[in-house]
Amino acid sequence: DVQDSTIAVVAYFWKGDTMKYVGTHTVQTVDNGDTLSSDTTFSEEFMVVVRDSTAKGYKMEFIPISSEFKVDPTDDVANMMMPVLQDYFKDLKVVFTTDEYGTLKGIDNWKEVRDRMKGGIKIVLDSLYSPTDGLDKFMPRNQLEGLLTLMYSTEAGVLKACDELTTLFLLHGNVFDIGRTTVDDTDKDSSFTMLYVGYEPLDEYGTELDYNIFGTTVTRYTAEEAGDMLGGVFNVLLKDTIAGGLNKIMKDSLDFGMTVTQLEDYHLFFNGWPKLMRTQRVVKFGPRTKITTDEIDWKYRSWRQYAVKRDEYQTTSF
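Quick caveat: nothing in here was measured; it's all calculated off a predicted structure.

Draft legend 1. Region of interest: the overall build of the protein chain. Helix and strand content of the protein chain: eight helices and 14 strands. Within the span of the protein chain, comprising 318 residues, buried residues form 42% of the whole. Accessible surface, the protein chain: about 17900 Å² in total, of which carbon and sulfur atoms supply 53%.

Draft legend 2. Layout of the packing of helix α2 (residues 110–129) against helix α4 (residues 141–151). Running from amino to carboxyl end, α2 crosses α4 at an angle of 155°, the nearest separation of the two axes being 10 Å. Between α2 and α4, the interaxial angle falls into the category roughly antiparallel. As α2 runs across α4, the sense of the crossing is right-handed. Between α2 and α4, the residues in contact are K118, I121, K122, L125, D126 and Y129 and R141, L144, E145, L148 and T149, respectively. Residues that form the contact of α2 with α4 fall into these classes: five nonpolar, one polar and five charged.

Draft legend 3. Quick look at the pairing of strand β5 (residues 94–99). Sheet topology places strand β4 (residues 57–70) next to β5; six bridges connect them, and they run antiparallel. Along β5, the bridge assignment pairs K59 with T97.

Draft legend 4. Examining the pairing of strand β11 (residues 258–268) more closely. Of all eleven residues making up β11, eight are buried, and the element is well covered by its neighbours. With eleven bridges joining them, strand β10 (residues 211–221) and β11 adopt antiparallel strand pairing. If you follow T219 over to β11, its bridge partner there is V260. Pairing geometry for β11 and strand β12 (residues 274–285), over eleven bridges, is antiparallel. Note on β12: the bridge partner recorded for M258 is F285. Between β11 and β12, which pair antiparallel one after the other, the connecting turn spans five residues, and G272 there sits at a positive phi close to 90°.

Draft legend 5. Focus on the environment of A55. Positionally, A55 belongs in the loop between β3 (34–54) and β4. When the C-alpha positions of A55 and D99 are compared, they lie 8.8 Å apart, and in sequence the two are 44 residues distant.

Draft legend 6. The arrangement of the pattern of salt bridges in detail. Considering all chains together, one arrives at 13 salt bridges under this definition. Between D210 and K275 there is a salt bridge, and its shortest N-O distance comes to 3.0 Å. With D210 in the loop between β9 (191–199) and β10 and K275 in strand β12, the pair connects residues that are 65 residues apart, well separated along the chain. We note that D210, like K275, is buried. If you follow the salt bridges from partner to partner, you end up with K20, E45 and K299 in one network.

Draft legend 7. A look at the environment of S43. Assignment of secondary structure puts S43 in strand β3. Separated by 26 residues in sequence, S43 and F69 have C-alpha atoms that sit 6.6 Å apart. Those residues in contact with S43 that sit more than four places away from it in its chain are G23, T24, S66, S67 and E68.

Draft legend 8. Local environment of the environment of Y221. Mapped onto the fold, Y221 is located in strand β10. The sequence separation of Y221 and V260 amounts to 39 residues, and the corresponding C-alpha distance is 8.2 Å.

Draft legend 9. Here's a closer look at the packing of aromatic side chains. Scanning the entire structure with this criterion turns up ten aromatic pairs. Considering the side-chain rings of F96 and F169, the 5.8 Å spacing of their centres and the 55° angle between planes classify their relative orientation as tilted. With F96 in strand β5 and F169 in the loop between α6 (163–168) and β7 (175–177), the pair connects residues that are 73 residues apart, well separated along the chain. For the pair F96 and F169, a shared accessibility class is recorded, and that class is buried. Each residue in the set Y205, F269, F270, W298 and W303 is aromatic and connected to the rest through ring pairs, giving one cluster. Sitting over the face of the ring of Y300, K20 holds its NZ or CZ atom 5.9 Å from the ring centroid.

Draft legend 10. Spotlight on unusual backbone geometry. Positive phi, normally seen in glycine, also occurs at L209, with a value near 75°. Tracing the sequence through the fold places L209 in the loop between β9 and β10. Using a relative accessible area of 49% as the deciding quantity, one classes L209 as partly exposed.

Quick notes on the rules
- Residues numbered from 1 in each chain as written.
- Predicted model: local features only at pLDDT ≥ 70, side-chain atom pairs only at ≥ 80, totals over all residues.
- Heavy atoms only, no water.
- Helix = DSSP H or I, 4+ residues; strand = E, 2+ residues; numbered from the N terminus.
- Buried < 20%, exposed > 50% of the residue type's maximum accessible area, 1.4 Å probe, protein only.
- Areas by Shrake-Rupley, 256 points an atom, 1.4 Å probe, with all protein chains shown as cover.
- Axes fitted to C-alpha atoms, helices over the stretch in contact; angles between N-to-C directions.
- Parallel < 35°, antiparallel > 145°, perpendicular 65-115°, else oblique.
- Left-handed = near helix turned anticlockwise from the far one by under 90°.
- Contact = heavy atoms within 4.5 Å.
- Nonpolar A, V, L, I, M, F, W, Y, C, P; charged D, E, K, R; others polar.
- Pairing = 2+ DSSP bridges.
- Salt bridge = Lys/Arg side-chain N within 4 Å of Asp/Glu carboxyl O.
- Phe/Tyr/Trp six-rings, centres within 6.5 Å; stacked < 30°, edge-to-face > 60°.
- Lys NZ or Arg CZ within 6 Å of the ring centre and 35° of its normal.

Here is the structure:
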């Protein structure tokens, strides 16, 4: 009986295979250990269907089903903007391809997706700038709109913006050592990553040889490094004179560093279909901590005409 020493994340899909998922995005702010607010929460339900399967890879389709935004009731801009965005993107399907391992390769209808994103950017900026007098003097709209449009002007940019797909197929084509591993692939001495890889116990909804990959990365920045990072954001978005003044104030007043902890928890079925893909980013900046959690969990699966639906679904968290 030879024990496995590695796990390969490989897609063994069939034409017609279907997975239904629920994705959630939440942001929380904590000050000195007390939760100040639970900011915008976004949830969506969608399907991923294999349209064709060949020896060279798969043609697949992302199909949105429903979405819901929950925002602070006092945030007038968000409450005006979110329903419009929901309606604008509700029927946008994405046809994409992978190689034989399941690694994302491209989007067939990326130009259609790009054009829809351009319209979405305009909706967001209209909602942001219309009710705010004088905002354009500090943060020029044409500069911001040009930057955002440029980000999604190519197929690579559109693919990167499709968070659901990049998350679900993030690991495909990679091989991981089973057990605990320290990863040292960064130039920054204050950053380190620990990986834990292994098979999962069989449960009511699982199958034999399902597996889990968990990683934690901690990166520490000095006060000077944190100030430089924030200053870069000011320089891109604000007028030069304002950005320069804010940079000076920031560097003069900043007396604490920043710690960024990235938690990654990935569960996959034995055939490479993602079960649960979850990340949490914890940014500790002085006494305040911001926690951003993204999670995609399966709700229904149909493989080669064999279907299983969970009796209950509940989003979990770290």
